[in-house]
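Each chain, written out:
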Amino acid sequence: MTPIGNLRHRPVRRLSQLHAGLVLYGVSMALMIESGLGLDPWDVFHQGLSQLTGLSFGTVTIAVGALVLLLWIPLRQRPGLGTISNVLVIGLVVDATLALLPAGGSLGVRAAMLLAGIVANGAATGLYLGARLGPGPRDGLMTGYVARRPGRSLRLVRTVIEVTVLGLGWLLGGTVGVGTVVYALAIGPLTQVFLPLFTVPGPQNLAPGPVAPIPPG
């Protein structure tokens, strides 16, 4: 297993799907931001940091992703090509999309943007994870931590991390609202629908999965 994944199996399909998923993910984030009705926990944190630092939302997303990726080192995690692309592509796309989207609108328009963003986010997650080229840095941090400590619950670890970043983001001025709740309720079922549709079949060892620790020694 290589650090960036095995591309010998259907490389064109998997690379195309990976980057289509990451682009769609960035677009979905921008839709939810412009709705003004609430963001997912990590994006509440990103938005709060953006307001604090004056940096663009996408720049903050890239910076946080890179810092989270550094936390993989003590967990002996190997990033996949999809992990590295996740850090870079999503932030660039969300800034570009925010520059193109019209601001404001009626409540009905904003609600439609929110719902479209959440559904698109679920589809995007299925696309980039289904390419089997590695998870995003934040998901890899959670699953890697649990892999090193088998007695810990992934659900509990994820909840603690996301509640923490949600609280910090809210204190920094990030948008918490009905969209935050709808996202939390919908993203799991949506991913369960889209991931099987987009998962590339093939050898089990063709790419690093959500947990790919470096062997000790």
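As the structure is a prediction and not an experimental result, all values here were calculated from the model.

A.B. asks: I tried to follow the overall build of the chain on my own but got confused; where do I start?
C.D. replies: Looking only at helices and strands, the chain has nine helices and zero strands in total. Written out in order from the N terminus, the α and β elements of the chain read α-α-α-α-α-α-α-α-α. Per-residue burial over the chain gives 46% buried out of 217 residues. The long-range share in the chain, meaning contacts at least 24 apart out of those at least 6 apart in sequence, stands at 83%. Of the accessible surface of the chain, which amounts to about 10,300 Å², a share of 72% is contributed by carbon and sulfur atoms.

A.B. asks: Looking at this model, I keep getting lost on the packing of aromatic side chains. Mind explaining?
C.D. replies: Each aromatic ring pair is specified by the distance between its two centres and by the angle formed by the two planes. Taken as a whole, this structure holds three aromatic pairs when the rule is applied. Seen from their ring centres, Trp-42 and Phe-45 are 6.2 Å apart, and the 75° between their planes marks the pair as edge-to-face. Of the two residues, Trp-42 and Phe-45 are both situated in helix H2 (residues 41-53); the distance of three residues between them amounts to about one turn of the helix. Considered together, Trp-42 and Phe-45 belong to a single accessibility category, that of buried residues. One Lys or Arg, Arg-138, reaches over the ring of Trp-42 and ends 5.4 Å from the middle of that ring.

What counts as what
- Residues numbered from 1 in each chain as written.
- Predicted model: local features only at pLDDT ≥ 70, side-chain atom pairs only at ≥ 80, totals over all residues.
- Heavy atoms only, no water.
- Helix = DSSP H or I, 4+ residues; strand = E, 2+ residues; numbered from the N terminus.
- Buried < 20%, exposed > 50% of the residue type's maximum accessible area, 1.4 Å probe, protein only.
- Contact = heavy atoms within 4.5 Å.
- Areas by Shrake-Rupley, 256 points an atom, 1.4 Å probe, with all protein chains shown as cover.
- Phe/Tyr/Trp six-rings, centres within 6.5 Å; stacked < 30°, edge-to-face > 60°.
- Lys NZ or Arg CZ within 6 Å of the ring centre and 35° of its normal.

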